[in-house]
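Observations on the three-dimensional arrangement
One-letter residues, chain by chain:
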Amino acid sequence: MALIEVRNVVAGYGGAPILNGVNIAIEQSDIGVIVGPNGAGKSTTLKAIFGLLKVSSGEVLFEGEDITNSLPDRLVPRGLSFVPQEKNVFTTLSVEENLEMGAFIRRDDISGTLEEIYAMFPVLAEKRRQPAGELSGGQRQMVAMGRALMSKPRLLMLDEPSAGLSPRYVLEIFEHIVTVNKAGVGILMVEQNARQALAFASRGFVLAQGQNRYTGTGPELIADPEVAKSFLGG
Amino acid sequence: MDELIFFINKVIVAGTVLGSIYALGAVGVTLIFGILRFAHFAHGDMMTLGAFIAYVLVGAFAALGIHLPIPLGVAVLPFAMALTAVAALGLDRGFYAPLRRMGAQPITLLIASIGVTLMLQGLVRLFFGTGTRTFFEFETKDIFRFDMSWIGGSRPITVTGPQLWMVALVVVTVLALHLFLTRSRLGKGMRAMSDNPDLAQVSGINTALVVRVTWTIAGALACMAGTMLALDVSLKPDLAFNIILPVFAAAVVGGLGQTYGAIAGGFLVGFAETLAVFDWAVFVRPFREHLPDWLATASGLSLVPTEYKLTVAFVILVIVLLARPTGIFKGLST
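None of these values were measured; they are calculated from a predicted model.

Cut-offs and rules
- Residues numbered from 1 in each chain as written.
- Chains lettered and ligands numbered in written order.
- Predicted model: local features only at pLDDT ≥ 70, side-chain atom pairs only at ≥ 80, totals over all residues.
- Helix = DSSP H or I, 4+ residues; strand = E, 2+ residues; numbered from the N terminus.
- Rg over C-alpha atoms; globule rule 2.2 N^0.38 Å.
- Buried ≥ 20, exposed ≤ 12 C-beta atoms within 10 Å, placed from the backbone.
- Contact = placed C-beta atoms within 7 Å.
- Nonpolar A, V, L, I, M, F, W, Y, C, P; charged D, E, K, R; others polar.
- Axes fitted to C-alpha atoms, helices over the stretch in contact; angles between N-to-C directions.
- Left-handed = near helix turned anticlockwise from the far one by under 90°.
- Expected span 1.5 Å × (residues − 1).
- Pairing = 2+ DSSP bridges.
- Core = buried A, V, L, I, M, F, W, Y, C linked by C-beta atoms within 7 Å.
- pLDDT = per-residue confidence, 0-100.
- Parallel < 35°, antiparallel > 145°, perpendicular 65-115°, else oblique.

Considerations on the overall build of chain B
What chain B contains, in helices and strands, is 14 helices and two strands. In terms of overall size, chain B behaves like a compact globule, its C-alpha atoms giving a radius of gyration of 21 Å where 334 residues would be expected to give roughly 20 Å. C-alpha atoms of chain B, sized along the principal axes, occupy 70 × 55 × 40 Å.

Section: the overall build of chain A
Helix and strand counts for chain A stand at ten helices and ten strands. A compact globule built from 234 residues should have a C-alpha radius of gyration of about 17 Å, and chain A, at 17 Å, falls within 12% of that. Each principal axis of the C-alpha atoms in chain A carries an extent, and together these give about 50 × 35 × 35 Å. Out of the 234 residues belonging to chain A, those deemed buried represent 46%.

Focus on the environment of N69 of chain A
All names here are of chain A. Along the polypeptide, N69 turns up in the loop between strand 5 (65–66) and helix 2 (72–78). It is 24 Å that separates the C-alpha atoms of N69 and N38, two residues lying 31 residues apart in sequence. With sequence-adjacent residues up to four places away left out, N69 is seen in contact with G51, K54 and V55.

Points about the interface of chain A and chain B
Across the contact, 20 residues belong to chain A and 15 residues belong to chain B. Here the side of chain A that touches chain B is composed, by residue class, of ten nonpolar, five polar and five charged.

Concerning unusual backbone geometry
Residues and elements named next belong to chain A. Positioned with a positive phi, N69 is a non-glycine residue whose angle comes to about 60°. Positioned with a positive phi, E160 is a non-glycine residue whose angle comes to about 45°. For E160, a count of 20 C-beta atoms within 10 Å translates into the label buried.

Some thoughts on the environment of L52 of chain A
Its place among the elements puts L52 of chain A in the loop between helix 1 (42–49) and strand 4 (55–62). Separated by 67 residues in sequence, L52 of chain A and A119 of chain A have C-alpha atoms that sit 31 Å apart.

Details of the packing of helix 1 (residues 2–36) of chain B against helix 6 (residues 161–183) of chain B
A pair of packed helices can be characterised by two numbers: the angle between their axes and the separation between those axes. All names here are of chain B. Contact geometry of helix 1 with helix 6 gives a least axis separation of 10 Å together with a crossing angle of 35°. The element helix 1 and its partner helix 6 pack so that their crossing is left-handed. Contacts from V13, T16, V17, S20, A23, L24 and V27 of helix 1 reach helix 6 at Q163, M166, V167, V170 and L177. Of the residues that constitute the contact of helix 1 with helix 6, the class distribution is nine nonpolar, three polar and no charged.

Digging into helix 4 (residues 77–101) of chain B
Residue and element names in this part refer to chain B. Its 25 residues place the ends of helix 4 33 Å apart at the C-alpha level, agreeing with the 36 Å of an ideal helix rising 1.5 Å per residue. Those residues of helix 4 that fall on the buried side of the exposure criterion are L77, A80, M81, L83, T84, A85, A88, L91, D92 and Y96. Immediately beyond the C-terminal end of helix 4, within one or two residues, lies G103, with a positive phi of roughly 75°.

A look at the sheet that holds strand 1 (residues 4–11) of chain A
Note on sheets: strands pair through backbone hydrogen bonds, and any given pair is parallel or antiparallel. Residue and element names in this part refer to chain A. With respect to topology, four strands assemble into an open sheet ordered 2-1-4-5, the strand pairing being antiparallel. Each edge of the open sheet carries a strand with a single partner, namely strand 2 (19–26) and strand 5. Here helix 1 sits on the sheet and contacts strand 1, strand 2 and strand 4; the angle it forms with strand 1, its principal contact strand, is near 110°.

A closer look at the nonpolar core
Formed by 167 residues in total, the largest nonpolar core has its most connected members in M157 of chain A together with A23, A54, A250 and I316 of chain B. The element that contributes the greatest number of residues to this core is helix 9 (residues 207–232) of chain B, accounting for 16 residues.

Description of the sheet that holds strand 10 (residues 211–216) of chain A
Residues and elements named next belong to chain A. Within the open sheet, the six strands sit side by side as 6-7-8-3-9-10. Their pairing is mixed. The sheet is open, and its two borders are formed by strand 6 (80–83) and strand 10, each paired with just one other strand. Across the sheet, the axes of successive neighbouring strands diverge by a mean angle of 15°, strand direction being ignored. Taken together, the five bridges between strand 9 (residues 203–208) and strand 10 define a ladder with antiparallel strand orientation. By the bridge assignment for strand 10, V206 is matched with Y214. Sitting on the sheet, helix 1 touches strand 3 (31–35), strand 6, strand 7 (155–159), strand 8 (186–190) and strand 9, and the angle it makes with strand 7 is about 145°. Contacts from helix 7 (residues 167–182) reach strand 3, strand 7 and strand 8 within the one sheet, and its direction differs from that of strand 8 by about 150°.

Some thoughts on the confidence of the model for chain B
Taken over all residues, the pLDDT of chain B has a mean of 89, while the share at 70 or more is 98%. For this predicted complex, the interface score ipTM comes out at 0.93, alongside a pTM of 0.90.

Examining helix 9 of chain B
Over its 26 residues, helix 9 of chain B extends 37 Å from the first C-alpha to the last, a length consistent with the 38 Å expected when each residue adds 1.5 Å. Most of helix 9 of chain B is tucked away, with 20 of its 26 residues classed as buried.

Some words on the packing of helix 2 (residues 43–63) of chain B against helix 9 of chain B
Residues and elements named next belong to chain B. Running from N to C, helix 2 and helix 9 cross one another at 65°; their axes reach a closest spacing of 7 Å. Classed by the angle they form, the pair helix 2 and helix 9 counts as roughly perpendicular. The element helix 2 and its partner helix 9 pack so that their crossing is right-handed. For the pair helix 2 and helix 9, contact is made by H43, M46, M47, T48, G50, A51, I53 and A54 and by G219, A222, C223, A225, G226, T227, L229 and A230, respectively.

As structure tokens, this is what we get:
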């Protein structure tokens with residue numbers, strides 16, 4: 001059974017639908033990467049899964065159960081977590097408080113998870129009392145990922161985690177994503193850095209105009225001359 | 001020395017009292033703005049409602065023959081605060097929550113709250129009439145006179161019992177609020193939602209619960225502020241309508257959404273008002289012989305007459321907004 005399965009989803013912001021029948025399926029061991037041109041519906045797909053906009057037809061299944069149009073306060077306890085692209089930290093809260101907010105739904109002891117996050121991102125441990133708004137772009141992205149991992153998700157969705165980061169940080173963030181995946185968390189992410197992201201993707205989805213255009217493993221898609229020509233800049 | 005004692009009575013004591021009341025009101029306004037992003041105009045009338053609830057409870061206590069070593073108005077406060085919090089939750093559920101569900105703009109909610117203001121005022125008048133009432137029908141107001149003869153003063157510093165209670169309760173309340181916002185899971189959730197409501201939702205924070213907690217706190221603090229004002233002066237149906245403007249000024253001056261800013265803004269506006277209406281002539285009198293006639297014989301050397309006290313809040317508001325458009329503590333914008 002797939003960890004997350006999106007079946008023929010049609011969704012939009014009220015006007016004409018942006019997604020016109022998108023299909024996605026990944027396993028818990030997968031890193032799924034959605035690529036495609038601007039306006040293809042990449043971010044919209046993640047938002048539709050996470051209940052941030054209305055799915056008008058089709059269905060979303062998480063571990064075989066229907067979660068279509070469920071809201072985040074139901075999805076986070078089920079094991080889904082989402083890192084938005086922008087404004088993804090609480091700027092006035094300290095780094096540690098940001099992480100605690102990711103665990104808001106948990107009633108058990110969170111100190112162990114907190115230590116795991118600090119072990120993964122040692123720089124955050126140093127800055128745990130500092131307001132997240134004072135951190136650099138790369139460090140903020142770590143706070144955002146850390147916050148999303150605090151709920152112990154089984155699926156982590158990231159919207160362009162490398163956006164606005166320097167090349168050094170892009171590589172570092174991708175390495176962290178692989179680490180998280182090896183620890184048993186399924187990954188579904190949208191990336192602008194298509195070629196770099198597909199290189200380590202076990203499942204790649206090329207969207208265009210709100211529909212699937214190509215699907216395969218990351219390396220397969222990179223090797224496909226059609227995909228390379230139309231979507232990866234030759 | 002008597003001049004200084006006069007100054008302490010008229011400015012320090014009165015400013016602390018007024019500042020405490022404004023601070024409690026402004027904290028409620030700023031919390032509601034932070035969480036729901038609209039200016040809750042009916043906050044002043046929640047204060048009046050809270051004061052009348054306390055008044056009814058005092059009457060009930062007195063009728064039951066309960067006499068306590070503390071003023072009844074203070075003794076009933078926990079019950080009155082709880083009831084006002086329930087009323088605040090009811091107002092939200094009845095009027096604001098349906099509008100939010102329809103995706104109403106902040107301006108719509110503001111106008112709805114003006115409607116709630118008029119409704120609450122009407123309800124209070126319907127049950128209690130338009131007359132002025134006092135909390136001290138059944139007991140006397142303690143007045144403490146601190147003898148100042150040891151520093152050469154012939155007059156005492158005068159403080160009433162309710163005023164002492166008020167200052168003590170405000171200190172305790174501010175400390176409790178601080179601990180709640182910085183230590184508790186829900187308090188941090190409130191700050192998170194005020195910071196970034198979309199991310200709060202994405203994080204799985206129960207935003208509906210945060211909204212309820214916000215109304216509970218705002219309602220309880222409004223009751224406390226209204227009751228204190230009524231204990232200090234008198235109880236009238238339009239009690240808080242006159243106070244809502246300085247309370248808003250305090251919240252904006254402090255930076256909307258900033259709890260500590262609202263407290264600072266409350267005391268700033270409170271002291272500014274008492275300083276502005278203070279008659280500086282008392283400080284001129286001892287030097288009368290050395291001053292030109294026009295100054296020596298001047299009376300009423302206050303910056304503004306008492307009836308124009310309200311303008312002071314707005315002068316401060318304008319000055320602060322010109323210098324720091326988001327308030328003293330960097331606040332939110334709509």
